[in-house]
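Structure at a glance
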Amino acid sequence: MTGIEREIVLTPRLEATYALLESGDTVADIGTDHAYLPARLILDGKYRRAVASDVAPGPLENAGRTLAALGLSDRISLRLAPGLKGLSEGEADAVCVAGMGGELIASILKDGPRPDLAVLQPMTREEKLRRFLAEEGYRIEKERLAREGERIYTVLRVRFTGEISRPREARTYLGRVLEDNPPELAKAYLSKKKAALYKAESGHKSAGQEEEAAAFRALREEIEEYEKGF
Ligand SMILES: C[S@@+](CC[C@H](N)C(=O)[O-])C[C@H]1O[C@@H](n2cnc3c(N)ncnc32)[C@H](O)[C@@H]1O
């Protein structure tokens, strides 16, 4: 479990998020809850300062307790605000949004000062988030998977480039997971996605959208080919 021991022990999901954050001066953690992630980033010297922001007072109280216990209250500024609204333009080198649905993360990015670099950890609907990122001019630099029990989470490091693309829907189910992860983990992630892929394929088929259905079929076949490699 995540908790404060002699050091901050992060769950695999947050540890992967931590690993994708490059070092810098100031990091902002949006939806921080206990502020474990920014506390660990500061304790390890990855960043000099942090903003820990949350939309609800209860989580910020949790964060306040963490910072007081670790003597970090002067290094991490707590903000009660929705999404990126508590940040001023250019205040943070990197922004992190972890532990929320993919669509909520997309809406947070849409509505606030645009970060140049962000590390995003969607709990659900990551395909929607990948599509949003492509259409808004963010490039996915790296995508790291993390396993916690039966669940496999993805974490994306994205950079704003302004280059807009419109990937086929089927590609948004895959992201960069094959490039950036150990094959066993990528395979397990894709196996879990197969049911969603079948569903999307048959949905497009029954709507008469043959081209989209074919793209999903092609992706399924690509995954099956990939699986044969084991
Ligand atoms: C499940 S917790 C995740 C905590 C931590 N980031 C993690 O990944 O373990 C989600 C947190 O996001 C906060 N939250 C939800 N919607 C938000 C929004 N629009 N802006 C900022 N915080 C939000 C919630 O209050 C909650 O504290």
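Higher on the page you've got the structure.
About the criteria used
- Residues numbered from 1 in each chain as written.
- Predicted model: local features only at pLDDT ≥ 70, side-chain atom pairs only at ≥ 80, totals over all residues.
- Heavy atoms only, no water.
- Axes fitted to C-alpha atoms, helices over the stretch in contact; angles between N-to-C directions.
- Helix = DSSP H or I, 4+ residues; strand = E, 2+ residues; numbered from the N terminus.
- Parallel < 35°, antiparallel > 145°, perpendicular 65-115°, else oblique.
- Contact = heavy atoms within 4.5 Å.
- Nonpolar A, V, L, I, M, F, W, Y, C, P; charged D, E, K, R; others polar.
- Left-handed = near helix turned anticlockwise from the far one by under 90°.
- Buried < 20%, exposed > 50% of the residue type's maximum accessible area, 1.4 Å probe, protein only.
- Pairing = 2+ DSSP bridges.
- Right-handed = clockwise from strand over helix to strand, strands pointing away.

**Some words on the packing of helix H4 (residues 102–110) against helix H5 (residues 126–136)**
- Axis separation between H4 and H5 bottoms out at 8 Å; the angle between their running directions is 25°. One way to sum up the angle between H4 and H5 is to call them roughly parallel. Every residue of H5 that contacts H4 at Gly-102, Glu-103, Ile-105, Ala-106, Leu-109 and Lys-110 is listed here: Lys-128, Leu-129, Phe-132, Leu-133 and Glu-136.
- Taken together, the residues that form the contact of H4 with H5 break down as six nonpolar, one polar and four charged.

**So, the packing of helix H1 (residues 12–20) against helix H2 (residues 36–43)**
- Orientation of H1 relative to H2, taken along the N-to-C sense of each, is 45°, at an axis distance of 11 Å. Viewed along their axes, H1 and H2 adopt a mutual orientation that is oblique. H1 and H2 meet at a crossing whose hand is right-handed. Note on element contacts: H2 touches H1 through Leu-37, Arg-40 and Leu-41, opposite Leu-14, Glu-15, Thr-17 and Tyr-18.

**Side note on the pairing of strand S6 (residues 94–100)**
- Within S6, six of the seven residues are buried, which leaves the element mostly enclosed by the surrounding structure.
- In terms of strand pairing, strand S3 (residues 24–30) meets S6 through four bridges, oriented parallel. Across the sheet, residue Asp-29 finds its bridge partner in S6, namely Cys-96.
- With five bridges connecting them, S6 and strand S7 (residues 117–122) associate as parallel partners. Each bridged residue has a counterpart across the sheet, and for Ala-98 the counterpart in S7 is Gln-121.
- You can see the chain leave S6, run along H4 and come back into S7, and the turn it takes is right-handed.

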